[in-house]
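Breakdown of the fold
Below, each chain spelled out in residue letters.
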Amino acid sequence: MKIRSRVLVLLMSTWAACLLAAESGRGPTESALEKARRAAGEGRIAYRLTTADEFKELLGPPVSEKTDRDGGMEMLTLQYTDLTARLVRMRDFDAPFTLQRLAVQGNWLDQIVGGGEQIDIGQNRPIELRTEADLAKFDPFWGFAGVSLERLDLRSHRTILEKMPFDSRTQWPSLDKLPDGFDPGRRLEEGKNPGLGVRTLHAQGIDGRGVGIAIIDQPLLREHEEYARRIAHYEPIEVFMVPVQMHGPPVSSIAVGKDCGVAPKAALYYYAVPPWKWQGNQPWADLLEKIVEFNETLTDKPKIRVVSISLGMFSHWPNHDVWKAAVDKASQNGILVVTCDPAFLPIATLRRDPSRDFDDPNSYRTARYSHPRPKVGVPAGNRTTASYHGPGVYTYEIEGGMSWAVPYLAGLAALAFQVDPKIEPARIVELWTTTATKTQVGPIVNPPGFIQAVRSRNP
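Owing to the predicted nature of the structure, the values given are computational and were not obtained by experimental measurement.

Re the sheet that holds strand β1 (residues 64-70)
- Read from one edge to the other, the open sheet built from four strands follows the order β1-β2-β3-β4, with strand pairing classed as antiparallel. Looking at the sheet topology across the chains shown, the edges are occupied by β1 and β4 (98-104). Neighbour to neighbour, the strand axes of the sheet diverge by 20° on average, direction disregarded.
- Bridge analysis of strand β2 (residues 73-79) against strand β3 (residues 83-90) gives seven bridges, and the strand direction is antiparallel. What sits directly across from Glu-74, in β3, is Arg-89.
- Contacting β1, β2, β3 and β4, helix α3 (residues 52-59) runs over the sheet at an angle of about 160° to β3.

Some words on the environment of Leu-178
- Relative to the assigned elements, Leu-178 resides in the loop between β7 (166-167) and α6 (184-190).
- The class of Leu-178 is buried, set by a relative accessible area of 3%.
- Once the C-alpha coordinates of Leu-178 and Ile-254 are considered, the two residues, 76 residues apart in sequence, prove to be 29 Å apart.

A short note on the packing of helix α8 (residues 248-256) against helix α11 (residues 402-419)
- At a minimum axis distance of 7 Å, the contact between α8 and α11 shows a crossing angle of 30°. Accordingly, the angle class assigned to the pair α8 and α11 is roughly parallel. Remark: the crossing between α8 and α11 carries right-handed chirality. Contact with α8, carried on its side by Pro-250, Val-251, Ile-254 and Ala-255, involves Ser-403, Trp-404, Pro-407, Tyr-408 and Gly-411 of α11 and no other residues of that element.
- Class assignment of the residues belonging to the contact of α8 with α11 gives a composition of seven nonpolar, two polar and no charged.

As for the pairing of β1
- Of the strand pairs in this sheet, β1 and β2 are connected by seven bridges, and their pairing is antiparallel. When the bridges of β2 are listed, Arg-69 appears paired with Glu-74.
- Between β1 and β2, which follow one another and run antiparallel, lie two residues, and Gly-71 among them has a positive phi close to 65°.

A few points about the packing of aromatic side chains
- Applying the stated criterion to the full structure yields 13 aromatic pairs.
- The interplanar angle of 85° and the centroid separation of 5.9 Å between the aromatic rings of Trp-284 and Phe-314 together place this pair among those described as edge-to-face. Here the residue Trp-284 occupies a position in helix α9 (residues 281-295), and Phe-314 occupies one in the loop between β11 (304-309) and α10 (320-332), the gap between them amounting to 30 residues.
- Lying across the ring of Tyr-234, Arg-222 places its NZ or CZ 4.0 Å from the centre.
- For the cation-ring pair, Arg-352 lies above Phe-358, with the distance from its terminal atom to the ring centre recorded as 3.6 Å.

Some words on the sheet that holds β11
- Ordered in space as β9-β10-β8-β11-β12, the five strands form an open sheet in which the pairing is parallel. Looking at the sheet topology across the chains shown, the edges are occupied by β9 (231-236) and β12 (336-339). Between one strand and the next, the sheet's axes are offset by a mean angle of 15°, whatever the strand orientation.
- Helix-sheet contacts for α8 involve β8 (212-217) and β10 (267-272), and the interaxial angle to β8 is about 165°.

Let's talk about the side chain of Asn-193
- Within the element layout of this structure, Asn-193 appears in the loop between α6 and α7 (198-203).
- Apart from residues lying up to four places away in sequence, Asn-193 is in contact with Arg-199, Phe-358 and Arg-383.

Topic: the state of the cysteines
- Scanning all chains against the criterion turns up zero disulfides.
- Cys-340 provides the cysteine sulfur closest to Cys-260, a residue in no disulfide bond, and the two sulfurs are 19 Å apart.
- What makes Cys-340 buried here is its relative accessible area of 11%.

Things to note about the layout of surface pockets
- Here the second largest pocket is characterised by a volume of approximately 240 Å³.
- In terms of lining residues, the second largest pocket is bounded by 15 residues, among which Ala-46, Leu-49, Ile-121, Arg-125 and Pro-126 are the most central.
- For the lining of the second largest pocket, a count of residues per class yields eight nonpolar, two polar and five charged.

Quick word on the pattern of salt bridges
- For the structure on display, the rule yields 22 salt bridges.
- Residue Asp-134 pairs with Arg-130 through a salt bridge whose shortest N-O separation is 3.1 Å.
- Taking the shortest distance from any N to any O, the salt bridge between Glu-430 and Arg-427 comes out at 2.8 Å. Here Glu-430 and its partner Arg-427 are both found in helix α12 (residues 425-434), three residues apart, which amounts to about one turn of the helix.
- Take Arg-427: its relative accessible area is 28%, and that puts it in the partly exposed class.
- Shared partners join several salt bridges into a network, and the residues in it are Glu-54, Arg-130, Asp-134 and Lys-137.

Reading guide: rules and limits
- Residues numbered from 1 in each chain as written.
- Predicted model: local features only at pLDDT ≥ 70, side-chain atom pairs only at ≥ 80, totals over all residues.
- Heavy atoms only, no water.
- Pairing = 2+ DSSP bridges.
- Helix = DSSP H or I, 4+ residues; strand = E, 2+ residues; numbered from the N terminus.
- Axes fitted to C-alpha atoms, helices over the stretch in contact; angles between N-to-C directions.
- Contact = heavy atoms within 4.5 Å.
- Buried < 20%, exposed > 50% of the residue type's maximum accessible area, 1.4 Å probe, protein only.
- Parallel < 35°, antiparallel > 145°, perpendicular 65-115°, else oblique.
- Left-handed = near helix turned anticlockwise from the far one by under 90°.
- Nonpolar A, V, L, I, M, F, W, Y, C, P; charged D, E, K, R; others polar.
- Phe/Tyr/Trp six-rings, centres within 6.5 Å; stacked < 30°, edge-to-face > 60°.
- Lys NZ or Arg CZ within 6 Å of the ring centre and 35° of its normal.
- Disulfide = S-S within 2.5 Å.
- 1 Å grid on protein atoms, 1.4 Å probe; cavity = no way out; pocket = protein on both sides within 12 Å on 5 of 7 lines; lining within 4 Å.
- Points joined across faces, edges and corners; volume = space filled by probe spheres on them.
- Salt bridge = Lys/Arg side-chain N within 4 Å of Asp/Glu carboxyl O.

Okay, here's the thing in structure tokens:
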């Protein structure tokens, strides 16, 4: 009798457990894949909002995990029996790994070619922060671009807001829920100003007209309103089927942008190339020589007088003499080649205090990405640039970088060639340093003083 009672109790317990599981929609041995589908559907697993610790808490420990690096990005792959999760973070910043994608059985190749199954975690929807705790999941490289902060009260978060870039897609709460004086719309608009007296030169008609700037960079969003009308020539090289990349729009807008540019009337000659593949001096030197030859054929368009390349590896690669010979040939043909390479010019990148005057050199301080012994400082941070996310999208950068300083200098060179078409390229570089304004953070480029010095050669 006791055995029958125990069996009956056991059967009833099993039946009750199954009933509860059925009512909750969860089986007693729910797989990681099933858990992931349910959590994604409930919004508890979300793109860029779920950390590695949160993911493991929801799904349990993975079968294996590994980390890899790709440039400045670090990737964490969590492998489950029937599921693979990939999380990413930028290595240089103190931010956690956050979820980038989820795939059934980890079949990334199938997804790339159009097959396989990827779980919808919101990659193609606006990212909407749920609580203030989500703020800590974002790093100062990508910041809050394309993110909605509308739900949050950010009045006590000035420190993090001052570190984070954002763009014109970012959705903010009302101003009464932001720190005093923090107006994102105003910063985005004011950040288009190149600063340091550049717009005063524009008002005098010194705006790069009649001068061509060639930019060698990654595939460009050609339709952006900031520079679309300035494109005189676009040539893709070894980038067939490569989509537009994030780097070209900011660089182009800083050089020739209608609102952001140092030389807004200069003509843009753009060469889209694969820097990830061109790891040596030869292809860059070959293209530079090709540009010099192409320049000789221009009869009805402005001649190229400046080549802007936001790359600093030339003196570190083998066969540097090949590159130097191409640069010398360009110079002999009246073309200045501007790069991030310290062998060309050691540069300090500058940030501006958003509350202070754009034109006052004392409003600037040294930014994160700078040469340790610079000869001149160049504005790069607290600037608004064109974004690759759409023809009318703009990004407000906080730190900027060497890549942003190079087109600024290229724009100044275009202004110099407009004022004095016969000035020697090497003389332009010399005048950047000799006319620089001395400040507590070091010498800072002085556009009006520089142009005045160029004029003195050609009154």
